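Chain by chain, the residues:
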Amino acid sequence: MKNNTFKIGIPLKYDDNGLITAVAQDHLTGEVLMVAYMNAEALRMTLKTGIVHYWSRSRSKLWKKGESSGHVQTVKEILVDCDGDALLLKVEQKGGACHTGYKSCFYRTADGDIIGERLFDPDEVY
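Attention here is on the structure that accompanies the text. Values in this document were obtained by computation on a predicted structure and should not be read as measured data.

1. A few points about the pattern of salt bridges
Enumeration according to the criterion identifies three salt bridges in this entry. Here Lys103 and Glu31 are joined by a salt bridge, their closest N and O atoms 3.2 Å apart. Of this pair, Lys103 sits in the loop between β6 (86-93) and α2 (122-125) while Glu31 sits in the loop between β1 (20-26) and β2 (32-38), placing them 72 residues apart in sequence. Relative accessible area serves as the criterion here: at 26%, Lys103 is assigned to the partly exposed category. Residue classification places Glu31 among the partly exposed residues on the basis of a relative accessible area of 29%. Its salt-bridge partner being Glu41, residue Arg44 comes within 3.0 Å of it at the nearest N-O pair. Highlighted residues: Arg44 and Glu41, both in helix α1 (residues 40-49), separated by three residues, approximately one helical turn.

Next up, the structure:
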């Protein structure tokens, strides 16, 4: 991924809905920020711009991460798993990754304890 030239050189396996799992991870700390899905167009836009795009299953549309909040993800590296059916996006996250205001979508323990850092109030952003 030198000079912002992004490409995928191996075949990817999309599911029956044309989606592939995409895990966003902080490129410096390794913290998992979120899990989402990409279709071929979202991946193409991500590779072209260096800004992560996803496919919203709930809204059935392409979306650029941070398009309404300004909390964009800039791609630093993309890894493909051994089966070619999942992507690991190492990103630089501006602001919080979670729409609930937390740095990461993984801000709760299985017991429900809040362990994450809330960076913004979603009522003020969305």
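2. A short note on the nonpolar core
Of all hydrophobic cores here, the largest spans 20 residues; its most connected members are Met34, Met38, Val52, Tyr54, Leu87 and Leu89. If you list the elements that add at least two residues to this core, you get β1, β2, α1, β5 (73-80) and β6.

3. Some details on the side chain of Thr100
The residue Thr100 is located in the loop between β6 and α2 in this model. Classification of Thr100 by relative accessible area gives buried; the value is 18%. Setting aside its immediate chain neighbours within four residues, Thr100 contacts Tyr107, Arg118, Phe120 and Pro122.

Conventions used here
- The residue numbering used here restarts from 1 in each chain and proceeds along that chain's sequence as written.
- Thresholds applied to this predicted model are a pLDDT of at least 70 for local features of residues and 80 or more for the giving and counting of side-chain atom pairs; totals over whole chains, interfaces and linings are not thresholded and use all residues.
- Computation of side-chain values covers all heavy atoms of the structure but excludes hydrogens and water.
- Each reported salt bridge corresponds to a side-chain nitrogen of Lys or Arg within 4 Å of a carboxyl oxygen of Asp or Glu.
- Under the DSSP-based scheme used, a helix requires at least four consecutive residues in state H or I and a strand at least two consecutive residues in state E, with every element numbered from the N terminus.
- Burial classes follow relative accessibility: with a 1.4 Å probe on protein chains only, a residue under 20% of its type's maximum area counts as buried, one over 50% as exposed, and anything between as partly exposed.
- Put simply, buried Ala, Val, Leu, Ile, Met, Phe, Trp, Tyr and Cys residues joined by side-chain atoms within 4.5 Å make one nonpolar core.
- Between two residues, a contact is recorded if the distance between any of their heavy atoms is within 4.5 Å.

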